[in-house]
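Chains, contacts and geometry: an overview
Residues per chain, in single letters:
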Amino acid sequence: MTWVRHHSLSLAFGVLLLGSLVGQAFTGQADFNGKAAASAMPTYSWWEYVTSSHFTVDVAENWQSEYLQFLLFILLTVWLIQVGSPESKKPEEAGRESDKDQKVGRYAVTDSPAWAHATGWRLSLFSHSLALTMATIFFGSWVAQLVAGRSAFNAERLMDLQRPLGWGDYLAGPDFWNRTFQNWQSEFLAVATMVVFSIYLRERGSPESKPVGEPHTSTGVEG
Amino acid sequence: MRRPRGIVSAALFTLVATACSGAGTSETDDAEEAALAFYEGLRSRPADACALLAPGTLQELESSEGPCADSIDKQEIPDASAVAHVDVYGKQAMVELDEDVAFLAHFSAGWKVTAAGCVANGERHPYECSVKGS
């Protein structure tokens, strides 16, 4: 039980993710089949639906925007500051910081990860491993959105007795970019409001908030 | 902002693999075979062609033209016998033949013709089809 308690945050979000995906799968199938039946077109079984381009594009367009959000947040907070926000570093800490501050190379401590003790490409790779991983998943999800989005879009075009679009036409068309931008704007809104709201508002006990009594002017202080 | 980071590579791979599987070869072959059987039916046994019409298309034809077996060969559907190109996306297909273009959909009973006797009507508009659903 200790292990579960020590990983309860990750486990909770894992359960929420799976629950939401299952919910999306069932409601998405019902929505798709309702429209298909109204047009006297074939319906999908649950398994057919979750392995279809229709479900894939709906999942991928949300995933890519989430990972883009975190990628940008991770990178921009290296240099950009919001005074008063617990999500920001203090103005004097902007930038990549010193090896001593980052505990790398000869400043690595006993428990530091092995590659923090290293030099050369291993230290460089590990120093950017979080952003690289986020970027890889972002681009992978975005490509998945493109591939599945074109397939789903072309299936609808065929249903409407229209010729399917090639890669260039789909990439230059509104469907791909509308799906992309409608997700990006909501992610950027969420980050911007989190950064600003946390200057003035508090949630007692949350590490995402400053301590309740911390002054609004305090920057980079988490509860 | 500290939030948990999950390992999603496996799920992502599945996602891309699924997305890439939109146009399978066997699906393409099956759609092509159904289209050719439809045109063969038009030439020799109208009832066979009627059996290959999608439910909505069959209903539309019979509501306006009477029983399918008596009316299908009176529609302006060119005789076609060779397939030039097939596009399959999900459960929808477009089959371009030597003399016609047909649209099909994959129902539980197999590929059925949703529209035939189709002529292109500009880039932005649907094909004009002699036989189609409502």
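Before going into details, it helps to say that this report is about the structure given with it. Here the residue numbers are simple positions, counted from 1 along each chain's written sequence. Chains and ligands are labelled by the order in which they are written, letters from A for the one and numbers from 1 for the other. Residue-level local features of this predicted model are given only where pLDDT is at least 70; pairs of side-chain atoms are given and counted only at 80 or more, and the full residue set underlies all totals for whole chains, interfaces and linings.

Successive residues of a regular strand alternate their side chains across the two faces of the sheet. Residue and element names in this part refer to chain B. For every residue, the other C-beta atoms within 10 Å of its own C-beta are counted; 20 or more classify it as buried, 12 or fewer as exposed, and values in between as partly exposed. C-beta atoms are placed from the backbone. Here a helix means four or more residues in a row that DSSP labels H or I, a strand means two or more in a row labelled E, and each is numbered from the N terminus. Taking burial as the measure, the 7 residues of strand β3 (residues 101-107) include 6 buried ones, the bulk of the element. At least two bridges found by DSSP between two strands is the condition for calling them paired. Sheet topology places strand β2 (residues 92-97) next to β3; 5 bridges connect them, and they run antiparallel. What sits directly across from Ala93, in β3, is Leu104. Connecting β2 to the next strand, β3, in antiparallel fashion are 3 residues. Two strands pair when backbone bridges link them, and β3 and strand β4 (residues 110-119) are joined in this way by 5 bridges, in the antiparallel orientation. Paired with Leu104 across the two strands is Val113, which belongs to β4. Connecting β3 to the next strand, β4, in antiparallel fashion are 2 residues.

With that settled, consider the sheet that holds β3 of chain B. Residue and element names in this part refer to chain B. As summarised here, the arrangement of the 5 strands in space is β1-β2-β3-β4-β5, forming an open sheet in which the pairing is antiparallel. Both edges of this open sheet fall to β1 (83-89) and β5 (128-132), since each of them pairs with a single strand only. Adjacent strand axes in the sheet meet at a mean angle of 25 degrees, parallel and antiparallel pairs treated alike. Here, residue contact means that the backbone-derived C-beta atoms of the two residues sit within 7 Å. Angles here are taken between N-to-C directions and fall from 0 to 180 degrees, while the axes themselves are lines fitted to C-alpha atoms, restricted in helices to the stretch in contact. Each of β1, β2, β3 and β4 is contacted by helix α2 (residues 25-44), which is oriented at about 125 degrees to β1, the strand it contacts most.

This paragraph deals with the pairing of β2 of chain B. Residue and element names in this part refer to chain B. Across the 6 residues of β2, 5 count as buried, placing the element largely inside the fold. Examined bridge by bridge, β1 and β2 share 6 bridges and lie antiparallel to one another. When the sheet's bridge partners are listed, Tyr89 is paired in β2 with Gln92. Counted along the chain from β1 to the antiparallel partner β2, the turn is 2 residues long, and its residue Gly90 has a positive phi close to 60 degrees.

Let's shift gears to unusual backbone geometry. Residue and element names in this part refer to chain A. In the Ramachandran plot, Ala40 falls in the positive-phi region, its phi being about 55 degrees despite a non-glycine side chain. Residue placement: Ala40 occurs in the loop between α2 (8-38) and α3 (46-50). Its identity as a non-glycine residue notwithstanding, Glu97 has a phi of 70 degrees, on the positive side.

Note that all results are geometric; they support no functional claim without further evidence.
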